[in-house]
Amino acid sequence: MSTIESSVSSILLDRVAEWLTNSSLAGDELENIVRGFCERLTAAGLPLARVHLSFSMLHPLYDALSFTWRRASGVTIEGFRMPAGQKPDRFLQSPYYYLLDNNLQHIRRRLMQDGPNEFPIFEDLRKDAITDYLAFVQPFGDGSVQGMMGSWSTDHNTGFSDDMIDALLRMQNHLAVAAKMAVLGKLANNMLTTYLGGDAGKRVLNGQIRRGDGETIRAALVMGDMRESTMYAEKEGRQAYIDTLNQFFDAIAAPFNRNGGEILSFLGDGFLAVYPCGRHKDPSKIACEAALSAVHQAQARVAELNRDREQKGLTRVGYGIGLHVGNVMFGNVGLKDRLTFSAFGSAVNEVQRLQILTKKYGREVVASQAFAGYCGGEWTTLGEEKLRGIRQKVTVLQPRAPAPEINVDESFREAVQNGLSEAEQVILLHRDAKKQVKRTSMEKFIQ
C-alpha cells in the first residue's frame, strides 16, 4: 500500500460524529449506520480494511446480530442464537472471550505474517494481509444485557498509528450511542412484531395505543385449532405437550403469516389469522384465494410433520380450519392499563363456529358460502347450520377437490428434523436485510 500519514483530521472525524448523531435522530436502521460509518471513516483517511461489529439483542428467538464490513466488498450480516448452556470452543479461544474473561475493554495485536496464532481468528486475518488488529467491548450501560463487541483491522504496512487508535476509540463511543438507539428501536419493533404481529405492531408504534382506538376492516378470516389437545396434555406431560403445540403451530400457522396474511392471535391451541382487503369483489377474491392457498400449504406441512411423528412413534396431530370473510373491528380492547390488540365482531364469531363444525362433519377444512363464493372452484355443501348468536342459517361447505400436491420447503423439513421451529430458523437471519444475509455459526461473532 502507499504510505499514509499517521495524523488524522479532527475536522473530518467531527463530521462523521455529526453524521452519526443525525442518523440516530432520523431513526436509521443499524445496517445503514454501520455501513455509512465505516465508509466515512475510510473517506476521512483511516486505513481500515475490515471492521467487525456484534450487537447483543433482547429477542425471543435470537441473541445477536453481527456486521462485517470489508473495504473491498461492503457489509455482510449474520444472525445467531447461542445453543442453551453451550459456549463453542472457538468462542472460548477468541479475542472477545479473552476481553470478557479478563474484564478488559481493549486488546491490540500486530499480526506478523510468519508469527504464531494467539487466537484462531488470526490465521484467517493473515490470509487477508491484516497487519494490525484492535478488539473492544462496549456495554450499553451498567447492568445492561445489550452491548457492542467489535474489532478494527488494517492492512497498512505500518499498522495503526497512535493517532489512528485515538481516533478509533473516540469514534467508538459515538458509534455506541448511535447503535444503542438503533438497537432499542429494533428491540421495540421486534417485541411488538413477535407478540402482536406485523401490522398490529406497526399500529401500536405509530401511536394507536389508547383503549378503543381501532377501525372496521374487511378481511378473509382463518381460524385453526388442534384436535385432542387435552389428551396430548394429559398423555405427554407439560413440556412434551408444549413442544407438540409449537410444532403444530409452526406447521399449520406459518403459511398464514405471509402473502398478505397475518397471525393476529394464538388462542390456547388455536389461532386467528386475517387477510385484510378492500370492500369490493376483486380485493375480497384475492384475499380469499390467498387464504385458501395458505390452507393447502398448511395441510402439506402438517402431513410432513405427522410423517416425522409416526417415524418417532408419536401420535399424529389432527386439526380443523374454518374459513370466512366479512367485516371485523380491529383495535385495542381491555382494561385501561392492560390492553390487547385484536379483531372482534360477528364475522370473528362466525369463523370460530365454523371451525368447531369441522368436528361435527369430520372434515379438516370448512368454509362459509361467502368465502367459497369469492374463491370460486368446486365446493361440496355439507349442510346448513344455525350458529349460536347468528340469526340466519349459514351454509357450510368443503373444498370438493383434495388439496393439490405441494412441495414442502426444505427449511420446514429441516426444522421438523432438528427440532427447531421454522420461525427460529428464519429469525437467525437478519429479517430486514435485503442483500447479503446468511445463516451463521458462532465463529462469525468472534472476529
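Residues numbered from 1 in each chain as written. Predicted model: local features only at pLDDT ≥ 70, side-chain atom pairs only at ≥ 80, totals over all residues. Heavy atoms only, no water.

Looking at an unreviewed UniProt entry, one finds the protein named Adenylate/guanylate cyclase domain-containing protein, with Rhizobium anhuiense as its source organism.

**Student:** Give a detailed account of the overall build of the protein, specifying residues and quantitative values.
**Tutor:** Helix and strand content of the protein: 14 helices and 15 strands. Looking at the protein as a whole, 49% of its 447 residues qualify as buried. Long-range contacts, defined here as pairs at least 24 residues apart, represent 65% of the contacts in the protein between residues at least 6 apart. On the protein, roughly 22,200 Å² of surface is accessible, and the fraction owed to carbon and sulfur atoms is 50%. (Helix = DSSP H or I, 4+ residues; strand = E, 2+ residues; numbered from the N terminus. Buried < 20%, exposed > 50% of the residue type's maximum accessible area, 1.4 Å probe, protein only. Contact = heavy atoms within 4.5 Å. Areas by Shrake-Rupley, 256 points an atom, 1.4 Å probe, with all protein chains shown as cover.)

**Student:** Which residues make up helix 1 (residues 10–26), and what are the values?
**Tutor:** Compared with an ideal rise of 1.5 Å per residue, which puts 17 residues at 24 Å, helix 1 spans 24 Å between its outermost C-alpha atoms and is within 8% of the ideal. Turning to helix 1, its buried residues are L13, V16, A17, W19, L20, S23 and S24. Each buried residue of helix 1 lies within a common arc of 155° when the element is viewed along its axis, so the set occupies one face. Seen from the open side of helix 1, the exposed residues pointing more than 90 degrees away from its buried face are I11, L25 and A26. Near the N-terminus of helix 1, the side chain that reaches the backbone nitrogen of I11, with its oxygen 3.4 Å away, is that of S9. A positive phi of about 75° marks G27, the residue just after helix 1. (Expected span 1.5 Å × (residues − 1). Arc of directions from axis to C-beta. Polar contact = N/O pair within 3.5 Å; in protein donor to acceptor, adjacent residues only side chain to side chain.)

**Student:** If you had to explain the pattern of salt bridges to someone new, which residues and values would you point to?
**Tutor:** In the structure shown here, the tally under the stated rule is 12 salt bridges. Residues R109 and E118 are paired through a salt bridge, measuring 2.6 Å at the closest nitrogen-oxygen approach. Overall, the relative accessible area of 25% leaves R109 in the partly exposed class. Residue E118 is classed as partly exposed on the basis of its relative accessible area of 42%. A salt bridge links R307 to E304, with the nearest nitrogen and oxygen atoms 2.9 Å apart. (Salt bridge = Lys/Arg side-chain N within 4 Å of Asp/Glu carboxyl O.)

**Student:** I'd like to hear about the packing of helix 8 (residues 229–236) against helix 9 (residues 238–252), residue by residue, with values.
**Tutor:** Interhelical geometry of helix 8 versus helix 9 gives an angle of 140° and a closest axis separation of 7 Å. In terms of orientation, helix 8 and helix 9 fall into the oblique class. Considering how the two elements wind past one another, helix 8 and helix 9 form a crossing that is right-handed. Between helix 8 and helix 9, the contacting residues are S229, Y232, A233 and E236 on the first element and R238, A240, Y241 and T244 on the second. Tallied by class, residues from the contact of helix 8 with helix 9 come to 4 nonpolar, 2 polar and 2 charged. (Axes fitted to C-alpha atoms, helices over the stretch in contact; angles between N-to-C directions. Parallel < 35°, antiparallel > 145°, perpendicular 65-115°, else oblique. Left-handed = near helix turned anticlockwise from the far one by under 90°. Nonpolar A, V, L, I, M, F, W, Y, C, P; charged D, E, K, R; others polar.)

**Student:** I'd like a description of the packing of helix 9 against helix 10 (residues 281–311), backed by residues and values.
**Tutor:** It is at 7 Å that the axes of helix 9 and helix 10 come closest, and there the two elements cross at 145°. Residues T244, Q247, F248, D250, A251 and I252 of helix 9 form the contact with helix 10, whose own contacting residues are A298, R301, V302, L305 and R309. Partitioning the contact of helix 9 with helix 10 into residue classes produces 6 nonpolar, 2 polar and 3 charged.

**Student:** Explain the packing of aromatic side chains to me, using residue names and the numbers behind them.
**Tutor:** A full pass over the atoms with the stated rule returns 8 aromatic pairs. Ring centres of F119 and F122 lie 5.4 Å apart, and the angle between their planes is 90°; this geometry places the pair in the edge-to-face category. Overall, the relative accessible area of 6% leaves F119 in the buried class. Of the residues examined, F122 reaches a relative accessible area of 2% and is grouped as buried. (Phe/Tyr/Trp six-rings, centres within 6.5 Å; stacked < 30°, edge-to-face > 60°.)

**Student:** Before we move on, could you go through unusual backbone geometry and cite the residues and values that matter?
**Tutor:** You will see that A129, though not glycine, has its phi angle at about 65°, which is positive. By the secondary structure assignment, A129 is in the loop between helix 5 (121–127) and strand 5 (132–139). If you check the backbone angles, N259 has positive phi at about 50° while not being a glycine. Mapped onto the secondary structure, N259 falls in the loop between helix 9 and strand 8 (262–267).

**Student:** Report on the pairing of strand 8, specifying residues and quantitative values.
**Tutor:** Bridge analysis of strand 8 against strand 9 (residues 270–277) gives 5 bridges, and the strand direction is antiparallel. Looking at strand 9, one finds that F266 is bridged to F271. Following strand 8, the chain reverses through 2 residues before pairing antiparallel with strand 9; G268 in that reversal takes a positive phi of roughly 65°. (Pairing = 2+ DSSP bridges.)

**Student:** Go over the pairing of strand 5, please, and point to the residues and values.
**Tutor:** In terms of burial, strand 5 is a largely internal element, 7 of the 8 residues being buried. With 8 bridges connecting them, strand 5 and strand 6 (residues 147–154) associate as antiparallel partners. In the strand pairing of strand 6, Y133 is matched with S153.

**Student:** Describe in detail the side chain of H324, supporting the description with residues and values.
**Tutor:** With respect to the secondary-structure elements, H324 resides in strand 10 (residues 319–335). Of the residues examined, H324 reaches a relative accessible area of 7% and is grouped as buried. Side-chain polar atoms of H324 contact the side chain of E350, separated by 3.2 Å. In this structure the side chain of H324 is engaged in a polar contact, spanning 2.7 Å, whose partner is the side chain of S368. Once residues lying within four places of it in the same chain are set aside, the contact partners of H324 are A219, A220, L221, A347, E350, V351, L354, S368 and F371.

**Student:** Residues and numbers for helix 2 (residues 30–43), please.
**Tutor:** Its 14 residues give helix 2 an end-to-end C-alpha distance of 20 Å, which sits within 8% of 20 Å, the value for a rise of 1.5 Å per residue. Listed as buried for helix 2 are L30, E31, I33, V34, R35, G36, F37, C38 and L41. Looking one or two places after helix 2, you find G45, whose phi comes out positive at around 110°.

**Student:** Could you give an account of the confidence of the model for the protein, with specific residues and numbers?
**Tutor:** When the pLDDT values of the protein are averaged, the result is 78; 72% of them are 70 or greater. Put simply, strand 15 (residues 437–439) is where the protein has its lowest mean pLDDT, 34, and strand 12 (residues 365–368) is where it has its highest, 95. Contacts from residues 414–446, a stretch scored under 50 in pLDDT, to residues over four places away or in other chains number 85 contacts. (pLDDT = per-residue confidence, 0-100.)

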